Amino acid sequence: MRQPPMIETCGLAKSFGRAPAVSGLDLQIPAGSTFCLLGPNGAGKTTVVRMLSTLVRPDAGWARVAGHDVAADGAAVRREIGLSGQYASVDEFLTGRANLVMIGELCRLRRPAARRRAAELLAHFELEPAADRPVRTYSGGMRRRLDLAASLITRPRVLFLDEPTTGLDPRSRLVMWDVIRRLVLDGTTLLLTTQYLEEADQLADVVCVMDSGRVTAQGTPADLKASVGGTRLLLSLPPGAALGRAAAILAPHAAGPVRLTGGPGRLEVPVVPRPGIVTDVVKDLDAAGIPVDDISMRRPSLDDVFHALTGAGEAAA
Amino acid sequence: MIPDVASQLPALSFETAAPPPARTAPAWLAARYWALHDVWVLTRRTLARVITTPEQLVNVTVQPLILVLLFSYVFDGAIRLPDGGNYREYLIAGIFAVNMGGTAQGTAIGLAVDLSTGLIDRFRSLPMSRATVLIGRTLADLSLTLVAGLVTAMAGLAGARRSLARTGRPRTGAAVRLFRRVGRNMHRDPGPRRRGRPGGRADGHPAAVTDVERFHLGQPDDSVAA
């Protein structure tokens, strides 16, 4: 790679007491990309963000953000980053506008510039009608947008979003996603943490699945999906149907073993997608006198990746 | 169908973000300038909260008044000083102390709330000087304490006027009495430094202590002795 990565970590570790929160994390995030840390609660995602944004010191290893070491040159890192989400907040007793102006001034803008910037961001995030109300009267979605606006006062080259849509309703989540996509178009490097697979799928270039402080898988959403298996055909047969015989008929079409899945009369057949496969399967079953209630093709989702990876971790623990 | 929100949003430009401040001044001077600047911004922040939630002013206006009235009228006579004298002379100083303690508590609670809501994490991720979070809040709370002190002092002065009208002579303030007692004990100290002090009298009293003061300080309180 000719260009150095915008975020780079090597052996990054942090533990609280005796419990390791993050152990031996190696990341390379190129400039302008969206990187997603995906994992269940307690996986260490937030700790990674807090280390990279200089809020906590790593116990071991090093990390560089925009070329500056987080431990040795925290002040330089803080000039390049924006942080928003679970743990960075705004003052509930101030108005939305006052919050943005204050943070602008703390970012060393002069007052008129801070005011202009606040007005611009309020308009951009559709917060103008509520701009002069105290933040404690805001809805969850409005507060998140204000929070994001606060982290964009000076144009950060690196943006950390810690669970930006946790607890939002579906419409607010879609608004948030659109906002985030636009930021990335501007060339901002984004590190996103989320518990939502769909969010990672929608936004991320690279997804890193974390569990118990370790990386369990990393790759593009497409790679990860491919790693847990290909397309499957899901069949639902009426109660009392001859499942064994059906499985035998399906076997020639399958790319792997035919499995019985949850619920009575349900079969899962791994297949290699090709034109006409569904009609072939139905024709064969029909010829054998086996009726079919329902049939569907399913492509692997990040859900499958997530369950396959984090489930294995739980079983080992 | 969800509308395409992105296309409706006004364009966001980053041109208004200021360039980094020109480095004409030496680095240490610039650092101090920005630290003061940050303190000022954060002090204004805490004071601005008073404007949006004026209830906070109750603590520094109504509460000292209630304390003054409570201890001067309701509990009057219930408290006796071991060496006689009127405890009201110590009252205002005591209420100053209570106010200071109360405001310190408010500062601590406010910081704890900022810490738990993540506001301090936000500040810590900004390129600002870090100590100013504490200094800014302390200064703002100190200015609120000044309001409380002013209210208490005015209540005390109003009370003193009433008591002056009743007894016909000014009561010595607690602080003045305290200093005088300290002074008396000091001039009785036969240390070598005091001996032969210019202007001192033959018996070792500094010239500054007048007979009138000796009368006030040296005589036991007649009313208690009786």
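Now for a description of the structure that goes with this document. (Residues numbered from 1 in each chain as written. Chains lettered and ligands numbered in written order. Predicted model: local features only at pLDDT ≥ 70, side-chain atom pairs only at ≥ 80, totals over all residues. Heavy atoms only, no water.)

**Details of the overall build of chain B**
Along chain B, the regular secondary structure elements total nine helices and zero strands. Of all intrachain contacts in chain B linking residues separated by at least 6 positions in sequence, the fraction that spans at least 24 positions is 67%. Looking at chain B as shown, the accessible area adds up to about 14,600 Å², and 66% of this sits on carbon and sulfur atoms. (Helix = DSSP H or I, 4+ residues; strand = E, 2+ residues; numbered from the N terminus. Contact = heavy atoms within 4.5 Å. Areas by Shrake-Rupley, 256 points an atom, 1.4 Å probe, with all protein chains shown as cover.)

**Re the interface of chain A and chain B**
At the junction of the two partners, chain A supplies 48 residues and chain B supplies 39 residues. Summing both partners gives a buried area of about 4,100 Å² for chain A against chain B, and 59% of it is carried by carbon and sulfur. It is R78(A), L106(A) and R108(A) in chain A that bury the most area against chain B; as a group they hold 19% of the surface buried on that side. Applying the counting criterion to the chain A and chain B interface returns six salt bridges. When the shortest N-O distance is used, the salt bridge between R122(B) and D147(A) registers 3.1 Å. The tally of links from chain A across to chain B stands at 14 residue pairs in polar contact (both at pLDDT 80 or more). If you list the elements that add at least two residues to the side of chain A that touches chain B, you get α2 (74-80), β6 (81-85), α3 (96-106), α4 (111-124), α5 (140-150) and α6 (170-185) of chain A. In terms of residue count, α4(A) provides more of the side of chain A that touches chain B than any other element does, eight residues in total. Its residues assigned to classes, the side of chain A that touches chain B shows 23 nonpolar, six polar and 19 charged. (Buried area = accessible area lost by both parts, 1.4 Å probe. Salt bridge = Lys/Arg side-chain N within 4 Å of Asp/Glu carboxyl O. Polar contact = N/O pair within 3.5 Å; in protein donor to acceptor, adjacent residues only side chain to side chain. Nonpolar A, V, L, I, M, F, W, Y, C, P; charged D, E, K, R; others polar.)

**So, the pattern of salt bridges**
Side chains carrying opposite charge are able to pair once their charged atoms draw close together. As enumerated under the stated definition, the model contains 17 salt bridges over all chains in all. For E163(A), the salt bridge identified is with K45(A), shortest N-O distance 3.6 Å. Here K45(A) lies in helix α1 (residues 45-52) and E163(A) lies in the loop between β7 (158-162) and α6, a separation of 118 residues in the sequence. Here E163(A) and K45(A) have matching classes, each one buried. The shortest N-O distance in the salt bridge between D91(A) and R49(B) comes to 3.0 Å. In this pair, D91(A) is assigned in the loop between β6 and α3 and R49(B) in helix α2 (residues 27-52), connecting two distinct chains. The two residues D91(A) and R49(B) agree in class, both being buried. One network of salt bridges, with partners in common, ties together D91(A), R45(B), R49(B), D114(B) and R137(B). (Buried < 20%, exposed > 50% of the residue type's maximum accessible area, 1.4 Å probe, protein only.)

**Here's the deal with helix α3 (residues 58-74) of chain B**
Residues and elements named next belong to chain B. Under the 1.5 Å per step criterion, the end-to-end length of α3 is only 21 Å for 17 residues, more than 12% shorter than the ideal 24 Å. Turning to α3, its buried residues are V60, P64, L67, V68 and S72. Angular distribution of buried residues about the axis of α3 spans 105°; they occupy a single face of the element. (Expected span 1.5 Å × (residues − 1). Arc of directions from axis to C-beta.)

**As for the pairing of β6(A)**
All names here are of chain A. Here β6 lies mainly inside the structure; five of its five residues are buried. Side-chain alternation along β6 places I81, L83 and G85 on one buried face and G82 and S84 on a second face that is also buried. Of the pairings in the sheet, the one linking β6 to β7 comprises five bridges and is parallel in character. Bridge pairing links L83 to F160 in β7. (Pairing = 2+ DSSP bridges.)

**Describing the sheet that holds strand β8 (residues 189-194) of chain A**
Residues and elements named next belong to chain A. Pairing in this open sheet of six strands is mixed, and the strands run β6-β7-β8-β3-β9-β10 from one edge to the other. Each edge of the open sheet carries a strand with a single partner, namely β6 and β10 (214-219). Across the sheet, the mean angle from the axis of one strand to that of its neighbour is 15°, orientation sign disregarded. Here α1 sits on the sheet in contact with β3 (34-38), β6, β7, β8 and β9 (206-211), set at roughly 150° to β8. (Axes fitted to C-alpha atoms, helices over the stretch in contact; angles between N-to-C directions.)

**Things to note about the packing of aromatic side chains**
Pairs of aromatic rings are described using the distance from one ring centre to the other and the angle between the two planes. Applying the stated criterion to the full structure yields one aromatic pair over all chains. Summarising the aromatic geometry, the rings of Y33(B) and W34(B) are spaced 5.0 Å apart at their centres and angled 70° between planes, so their arrangement reads as edge-to-face. You can call Y33(B) partly exposed: its relative accessible area is 45%. When the ring centre of Y196(A) is taken as origin, the NZ or CZ atom of R173(A), which lies over that ring, is 4.2 Å away. (Phe/Tyr/Trp six-rings, centres within 6.5 Å; stacked < 30°, edge-to-face > 60°. Lys NZ or Arg CZ within 6 Å of the ring centre and 35° of its normal.)

**Here we look at the sheet that holds strand β13 (residues 266-270) of chain A**
Strand pairing in a sheet takes place through backbone hydrogen bonds and is either antiparallel or parallel in direction. Residue and element names in this part refer to chain A. Spatial strand order, β12-β13-β11-β14: four strands in an open sheet with antiparallel pairing. Of all the strands in the sheet, the pair left with one neighbour each is β12 (259-260) and β14 (294-298). Pairing geometry for strand β11 (residues 232-236) and β14, over five bridges, is antiparallel. Paired with S236 across the strands is D294, a residue of β14. Where helix α9 (residues 243-250) meets the sheet, its contacts fall on β11, β12 and β13, and the angle it forms with β13 comes to roughly 15°. Sheet strands touched by helix α10 (residues 277-287): β11 and β14. Its angle to β14, the strand with the most contacts, is close to 150°.

**Let's talk about a nonpolar patch on the surface**
All names here are of chain B. Together, V58, V62, I66, L69, L70, Y73, V74, F75 and I79 give the surface a local cluster of nonpolar side chains, amounting to about 760 Å² of exposed area. Considering the arrangement of structural elements, one finds V62 in helix α3. Judged by its relative accessible area of 40%, V62 is partly exposed. (Patch = residues over 30% accessible without salt bridge, like charges linked within 9 Å, V, L, I, M, F, W, Y side chains within 5 Å.)

**Concerning the environment of T54(A)**
Inspection of the secondary structure assignment puts T54(A) in the loop between α1 and β4 (60-65). For T54(A) and V70(A), which are 16 residues apart along the polypeptide, the C-alpha to C-alpha distance reads 5.8 Å. Ignoring sequence-local partners within four residues, the contact set of T54(A) consists of V70(A), G74(A), V77(A), R78(A), R124(B) and R130(B). Among the polar contacts listed, one links the side chain of T54(A) to the side chain of R78(A), at a separation of 3.1 Å.

**Some details on the side chain of S236(A)**
Residues and elements named next belong to chain A. In this fold, S236 is placed in strand β11. Using a relative accessible area of 17% as the deciding quantity, one classes S236 as buried. If we skip the residues at most four places from it in the chain, S236 touches G265, R266, V292, D293 and D294.

**Describing the side chain of T193(A)**
Residue and element names in this part refer to chain A. With respect to the helices, strands and loops of the structure, T193 is situated in strand β8. Relative accessible area serves as the criterion here: at 0%, T193 is assigned to the buried category. A polar contact is formed between the side chain of T193 and the side chain of D162, at a distance of 2.6 Å. Engagement of the side chain of T193 in a polar contact is seen with the backbone nitrogen of E163, the distance being 3.0 Å. Every residue in contact with T193, bar those within four places of it in the chain, is listed here: L37, K45, V49, L161, D162, E163, P164 and E199.

Bear in mind that shape data such as this cannot, by itself, settle questions of function.
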